[in-house]
Amino acid sequence: MPENHVFLDFNATHLVHPGIFDFMAQYAHHPMNPSSVHTFGQDARRHVRILSTQIADLFQVHPLDLVFTSGATEANNLGILGSVLKQPPDTGAVYLSATAHPSVTQLSGLLETQGYRVLSIPVQSTKKPLLDIDWMVESFSKIPPILVALEWVNGEYGVIQDVHALYELARKYESYFHIDAVQAFGKVPVHPTELPHATFSFSGHKYRGIGGHGLLIKPSNLHLQGLIQGGNQQNGMRAG
């Protein structure tokens, strides 16, 4: 950072932790393609497997529950579209939080072109921007949810949604449930095993990592429909 600058926008992105550069340096000068069958490729595969195990241990999930992405935007897209597109459009509606990140709310147009009905979940009021659970109870009884997607913690005004209560409501309808946990991780306890049927999205640069990488945690029994084609990486859920 320049000496005469002060950075205060940490909700948008963090400064990279110095240890990250040291950690990455050990891989920077090697041909690290884990899809290759030669020695270098298999060595890369081994390192990816080790790192996957460490991250899975952090969240107390299985390594195969992790899908590495280019960031939370892709993770949100994969978690939502990858789940919804496995269901026929006439089985209910997709409910997206009105206060969510654009990588969630702007999926409505795409889903509608595929024949899905998309409904926006309102907040209780501008002074109390918690999602209106009474509205959800009434709406779900009329049009059952295919998927419910929301933002756990909002980076603009700091509201924390009661994801456990909302999750239990959605599960009454056996709905998919997607949580944008980007602003939650490191600020509130995040335990995916407490919400075993939900998908979670994360972004490394929010936690002093380098931009351009994210993570989706999915249930073990959920095989998402891949959005990127061109390879069988990550069990066919994320080519490339």
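Residues numbered from 1 in each chain as written. Predicted model: local features only at pLDDT ≥ 70, side-chain atom pairs only at ≥ 80, totals over all residues. Heavy atoms only, no water.

1. With respect to the side chain of Q161
Part 1 of the reasoning: Along the chain, Q161 falls in the loop between β4 (145-151) and α7 (163-171).
Part 2 of the reasoning: A residue is classified by how much of its surface remains accessible, and Q161, at 5% relative accessible area, is buried.
Part 3 of the reasoning: Side-chain polar atoms of Q161 contact the backbone oxygen of P129, separated by 3.3 Å.
Part 4 of the reasoning: For Q161, the side chain forms a polar contact with the main-chain nitrogen of L131, separated by 3.0 Å.
Part 5 of the reasoning: Not counting residues up to four positions away in its chain, the partners in contact with Q161 are T99, P129, L130, L131, E151, W152 and L166. (Helix = DSSP H or I, 4+ residues; strand = E, 2+ residues; numbered from the N terminus. Buried < 20%, exposed > 50% of the residue type's maximum accessible area, 1.4 Å probe, protein only. Polar contact = N/O pair within 3.5 Å; in protein donor to acceptor, adjacent residues only side chain to side chain. Contact = heavy atoms within 4.5 Å.)

2. So, unusual backbone geometry
Part 1 of the reasoning: Of note, the phi angle at Q60 is positive, near 60°, even though the residue is not glycine.
Part 2 of the reasoning: Relative to the elements of secondary structure, Q60 occurs in the loop between α2 (39-59) and β1 (66-69).
Part 3 of the reasoning: Residue class for Q60 comes out exposed when judged on its relative accessible area of 57%.
Part 4 of the reasoning: In the Ramachandran plot, N235 falls in the positive-phi region, its phi being about 60° despite a non-glycine side chain.

3. Notes on the nonpolar core
Part 1 of the reasoning: Counting residues in hydrophobic clusters, the biggest one holds 33 residues, and the most contacted among them are W152, F177, I179 and F200.
Part 2 of the reasoning: Top element by residues in this core is α7. It accounts for 5 residues.
Part 3 of the reasoning: In this structure, I179 is in contact with L150, W152, V163, L195, A198, T199, F200 and S201, ignoring residues within four places of it in sequence.
Part 4 of the reasoning: In this structure, Y116, A149, L216 and L224 belong to the second largest nonpolar core, which totals 22 residues. (Core = buried A, V, L, I, M, F, W, Y, C linked by side-chain atoms within 4.5 Å.)

4. Remarks on the sheet that holds strand β2 (residues 93-97)
Part 1 of the reasoning: Read across the open sheet, the 7 strands follow the order β1-β7-β6-β5-β4-β2-β3; overall the sheet is mixed. Each of the sheet's edge strands pairs with one partner strand only, and the pair in question is β1 and β3 (117-121). Pairwise comparison of adjacent strand axes, ignoring direction, gives a mean angle of 20° for this sheet.
Part 2 of the reasoning: Across 4 bridges, the pairing between strand β6 (residues 198-203) and strand β7 (residues 214-217) is antiparallel. (Pairing = 2+ DSSP bridges. Axes fitted to C-alpha atoms, helices over the stretch in contact; angles between N-to-C directions.)

5. Here we look at the packing of aromatic side chains
Part 1 of the reasoning: Taken as a whole and assessed by the stated rule, the structure comprises 10 aromatic pairs.
Part 2 of the reasoning: Centre to centre, the rings of F7 and F10 are 5.2 Å apart; their planes meet at 55°, and the pair counts as tilted.
Part 3 of the reasoning: With 5.3 Å between their ring centres and 35° between their planes, F59 and F185 make a pair best called tilted. Here F59 is found in helix α2, whereas its partner F185 is found in the loop between β5 (176-180) and β6, with 126 residues between them in sequence.
Part 4 of the reasoning: When its relative accessible area of 22% is taken as the criterion, F185 is described as partly exposed. (Phe/Tyr/Trp six-rings, centres within 6.5 Å; stacked < 30°, edge-to-face > 60°.)

That's the geometry; what it means functionally is another story.
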